[in-house]
Amino acid sequence: AQSVTQPDARVTVSEGASLQLRCKYSYFGTPYLFWYVQYPRQGLQLLLKYYPGDPVVQGVNGFEAEFSKSNSSFHLRKASVHWSDWAVYFCAVSEGSNYNVLYFGSGTKLTVEP
Amino acid sequence: EAAVTQSPRNKVAVTGGKVTLSCNQTNNHNNMYWYRQDTGHGLRLIHYSYGAGSTEKGDIPDGYKASRPSQENFSLILELATPSQTSVYFCASGVRDWRSYEQYFGPGTRLTVL
């Protein structure tokens, strides 16, 4: 069965530092993967998506993610974090049918220190 | 313009009462979804629909019903609300297209069952 694990419930970084949020997935076949961001008291917004192809995908606001089939991972990165990146980040995998059901990880809460 | 809207945004209900959460989308998407979000669990799928008149069970359907009377509207119904259903509920829409598996989320409804 499909599943997503985000091993870090909370991550704290200093503003201007680099960031990596980890995501491991379980999926039989070629996955379609997503990172969503949730700002306080808002819904989820799509940051970036991976469809089979180039393993490094670019998203909004300087985010990128790298797909690794050998490691079953889809880690999110950013070179220089801004205070406005303070949010909860969710990784998700699609079950790949016309129903487009997504399976979400438990989320990583990012805190940005000045 | 918000493409997925939810009402109410906040709701306080009594145990044993009936609660209806409404979702409207202007994306003209075939698929719609209801999730609940609880700390430590990320988003969990309750029900989904692939078109008007259809509803399907997700991972945690017990205690919930869904209704999709039209392409635009998808409701979540708690016939006998319980305190364990206190949560934040998100509606989402998505296309039925292998090229586009992402979902688009509403702002959420915060439900408290006393």
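Since we're looking at a predicted model, the values are computed, not measured.

Caption draft 1: Structural context of the overall build of chain A. In terms of helices and strands, chain A carries zero helices and 12 strands. Along the chain direction, N to C, the helices and strands of chain A fall in the order β-β-β-β-β-β-β-β-β-β-β-β. Since a compact globule built from 114 residues should have a radius of gyration of about 13 Å, the 14 Å found for chain A is in line with a globular shape. Per-residue burial over chain A gives 45% buried out of 114 residues. Taking the intrachain contacts of chain A between residues at least 6 apart in sequence as the baseline, contacts between residues at least 24 apart amount to 54%.

Caption draft 2: Structural detail: the nonpolar core. In terms of nonpolar packing, the biggest core is built from 27 residues, with Leu19, Trp35, Leu47, Leu48, Phe74, Leu76 and Tyr89 of chain A touching the most fellow members. Those elements that place two or more of their residues in this core are strand 2 (10–14), strand 3 (19–21), strand 5 (32–38), strand 6 (44–50), strand 8 (64–68), strand 9 (73–78), strand 10 (87–94) and strand 12 (108–113) of chain A. A total of four residues in this core trace back to one element, the largest contributor, which is strand 10 of chain A. Those residues in contact with Tyr89 of chain A, other than ones at most four positions away along the chain, are Gln6, Leu21, Trp35, Tyr36, Val37, Leu47, Phe63, Leu76, Gly107, Thr108 and Leu110 of chain A. By size, the runner-up hydrophobic cluster in this structure holds 19 residues, among which are Tyr33, Tyr35, Leu45 and Val88 of chain B.

Caption draft 3: A look at the packing of aromatic side chains. Scanning the model with the defined rule gives 17 aromatic pairs over all chains in all. Ring centres of Tyr50 of chain A and Phe67 of chain A lie 4.3 Å apart, and the angle between their planes is 20°; this geometry places the pair in the stacked category. Taken together, the residues span a long stretch of sequence, with Tyr50 of chain A in strand 6 and Phe67 of chain A in strand 8 at a distance of 17 residues. Judged on exposure class, the residue Tyr50 of chain A and its partner Phe67 of chain A are both buried. Members of the aromatic cluster, each reached through a chain of ring pairs, are Tyr32, Phe34, Tyr36, Tyr51, Phe90 and Phe104 of chain A together with Tyr33, Tyr35, Tyr48 and Phe105 of chain B.

Caption draft 4: Representation of the interface of chain A and chain B in the model. Taken together, the contact pairs 24 residues of chain A with 29 residues of chain B. Both sides together, the interface formed by chain A and chain B hides about 2,000 Å², and carbon and sulfur atoms give 54% of it. On the surface where chain A and chain B come into contact, there are one salt bridge. The residue Glu102 of chain B makes a salt bridge to Lys49 of chain A at a minimum N-O spacing of 2.9 Å. Among the secondary structure elements, those contributing two or more residues to the side of chain A that touches chain B are strand 5, strand 6, strand 10 and strand 11 (102–104) of chain A. A per-element tally of the side of chain A that touches chain B places strand 5 of chain A first, with four residues. For the side of chain A that touches chain B, the residue count by class is 12 nonpolar, 10 polar and two charged.

Caption draft 5: Main features of the pairing of strand 5 of chain A. All names here are of chain A. Of all the seven residues making up strand 5, seven are buried; the element is thus mostly covered by neighbouring parts of the structure. Because side chains alternate across strand 5, one face comprises the buried residues Tyr32, Phe34, Tyr36 and Gln38, and the other comprises Leu33, Trp35 and Val37, equally buried. Where strand 5 meets strand 6, six bridges bridge the pair, whose relative direction is antiparallel. Across the sheet, the residue bridging to Gln38 is Leu44, located in strand 6.

Each value, and the rule that gives it
- Residues numbered from 1 in each chain as written.
- Chains lettered and ligands numbered in written order.
- Predicted model: local features only at pLDDT ≥ 70, side-chain atom pairs only at ≥ 80, totals over all residues.
- Heavy atoms only, no water.
- Helix = DSSP H or I, 4+ residues; strand = E, 2+ residues; numbered from the N terminus.
- Rg over C-alpha atoms; globule rule 2.2 N^0.38 Å.
- Buried < 20%, exposed > 50% of the residue type's maximum accessible area, 1.4 Å probe, protein only.
- Contact = heavy atoms within 4.5 Å.
- Core = buried A, V, L, I, M, F, W, Y, C linked by side-chain atoms within 4.5 Å.
- Phe/Tyr/Trp six-rings, centres within 6.5 Å; stacked < 30°, edge-to-face > 60°.
- Buried area = accessible area lost by both parts, 1.4 Å probe.
- Salt bridge = Lys/Arg side-chain N within 4 Å of Asp/Glu carboxyl O.
- Nonpolar A, V, L, I, M, F, W, Y, C, P; charged D, E, K, R; others polar.
- Pairing = 2+ DSSP bridges.

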